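# Descriptive structure summary
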Amino acid sequence: MTRIVRISIVPNTEWSSIEVPAGGELVWAEPGGGVVVGGGGGGVPSGIATYWRTEDFTFGVERCLIRQGSRTNPTSPGEEPSEFEYVESGLQGAIPFMNTDYLLWWKKSMYDAFPPNSGA
């Protein structure tokens, strides 16, 4: 049977690491999962709630690198814009996840030395 696991992360444009269920894949992300900024009833969540698909027979965790990306690629002064708009992950083999709220890049990795995401 398939499961969905919620993991809260802190938004970060730099690569950081989290632990996800073994074999998990990122399927959704939405605002939430962090401390509410602004107090009262109108505060804004500071974290990102990520949702990972996994099978109920999987055991253990895997290290996953994750970062929040930009949807636009700013050109440097004097640089001609590209014929096609694109953004880059900054890490070979990273997988993009995009919805109306976020562009997240993620990659399973045992070896890359990146700091832990403080929301994980």
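Read on for a plain summary of the structure.

Scoring rules and cut-offs
- Residues take numbers from 1 onward in each chain, read along the sequence in its written order.
- Whole-chain, interface and lining totals are the exception, using all residues; otherwise, since this is a predicted model, local features are given only for residues with pLDDT of at least 70 and side-chain atom pairs are given and counted only at 80 or more.
- By convention in this description, side-chain values take in all heavy atoms of the structure and omit both hydrogens and water.
- Nine residue types can take part in a nonpolar core, namely buried Ala, Val, Leu, Ile, Met, Phe, Trp, Tyr and Cys, and a core is a set of them joined through side-chain atoms within 4.5 Å.
- Residue exposure (1.4 Å probe, protein chains only): buried if accessible area is under 20% of the type maximum, exposed if over 50%, otherwise partly exposed.
- A run of H or I in DSSP becomes a helix once it reaches four residues, and a run of E becomes a strand once it reaches two; helices and strands are each numbered from the N terminus.
- Here a residue-residue contact requires only that any non-hydrogen atoms of the pair lie within 4.5 Å.
- Pairing between strands requires that DSSP locate at least two bridges from one strand to the other.
- Throughout, an axis means a line fitted to C-alpha atoms (over the contacting stretch in the case of helices), and angles, computed between N-to-C directions, take values from 0 to 180 degrees.
- Criterion for a salt bridge: a side-chain nitrogen of Lys or Arg within 4 Å of a carboxyl oxygen of Asp or Glu.
- Each Phe, Tyr or Trp ring (for Trp, its six-membered ring) is paired with any other whose centre lies within 6.5 Å, and the angle between the two planes then decides the class: stacked below 30 degrees, edge-to-face above 60, tilted in between.

### A closer look at the nonpolar core
- Counting residues in hydrophobic clusters, the biggest one holds 14 residues, and the most contacted among them are Ile18, Trp52, Ile66, Leu104 and Trp106.
- If you list the elements that add at least two residues to this core, you get strand E1 (2-9), strand E2 (16-21), strand E3 (25-31), strand E6 (48-55), strand E7 (61-68) and strand E9 (103-108).
- Leave out the neighbours within four places in its chain, and leucine 104 touches Leu26, Ala29, Ile48, Thr50, Ile66, Arg67, Gln68, Ile95, Pro96 and Phe97.
- Residues Leu65, Leu91, Ala94 and Leu103 belong to the second largest nonpolar core, which totals 6 residues.

### Quick look at the pairing of E6
- The buried count for E6 comes to 6 of 8 residues, which makes it a mostly enclosed element.
- As judged from the 8 bridges shared by E1 and E6, these two strands associate in the antiparallel manner. Looking at E6, one finds that arginine 3 is bridged to threonine 54.
- With 6 bridges connecting them, E3 and E6 associate as antiparallel partners. Bridging across to E6, glutamate 30 finds its partner in alanine 49.

### Points about the sheet that holds strand E8 (residues 95-98)
- If you walk across this open sheet you meet the 4 strands as E2-E7-E9-E8, and the pairing is antiparallel. Lying at the two open borders of the sheet, with one neighbouring strand each, are E2 and E8. When strand polarity is set aside, the average angle formed by the axes of neighbouring strands in this sheet is 35°.

### Details of the pattern of salt bridges
- Tallied over the entire structure, the rule returns 3 salt bridges.
- Across the salt bridge formed by arginine 53 and glutamate 55, the nearest N and O atoms sit 2.9 Å from each other.
- Taking relative accessible area as the criterion, glutamate 55 reaches 22% and is therefore assigned partly exposed.
- In this structure, the salt-bridge partner of glutamate 62 is lysine 108, at a minimum N-O distance of 2.7 Å. Taken together, the residues glutamate 62 in strand E7 and lysine 108 in strand E9 connect sequence positions 46 residues apart.
- Residue classification places lysine 108 among the partly exposed positions, given a relative accessible area of 27%.
- One connected set of salt bridges, linked through shared partners, spans Glu25, Arg53 and Glu55.

### Some thoughts on the sheet that holds E3
- With antiparallel pairing, the 3 strands of this open sheet are ordered in space as E1-E6-E3. Of all the strands in the sheet, the pair left with one neighbour each is E1 and E3. Neighbouring strand axes in the sheet, compared pairwise and without regard to direction, differ in orientation by 25° on average.

### Notes on the packing of aromatic side chains
- According to the stated counting rule, one finds 2 aromatic pairs in the structure shown.
- Between tryptophan 28 and phenylalanine 97, the ring centres sit 6.4 Å apart and the planes meet at 85°, which makes this aromatic pair edge-to-face. Pair noted here: tryptophan 28 is in strand E3 and phenylalanine 97 is in strand E8, with a separation of 69 residues, a long-range link.
- Given the relative accessible area of 38%, tryptophan 28 is considered partly exposed.
- Seen from their ring centres, tryptophan 52 and tryptophan 106 are 5.4 Å apart, and the 85° between their planes marks the pair as edge-to-face. Taken together, the residues span a long stretch of sequence, with tryptophan 52 in strand E6 and tryptophan 106 in strand E9 at a distance of 54 residues.

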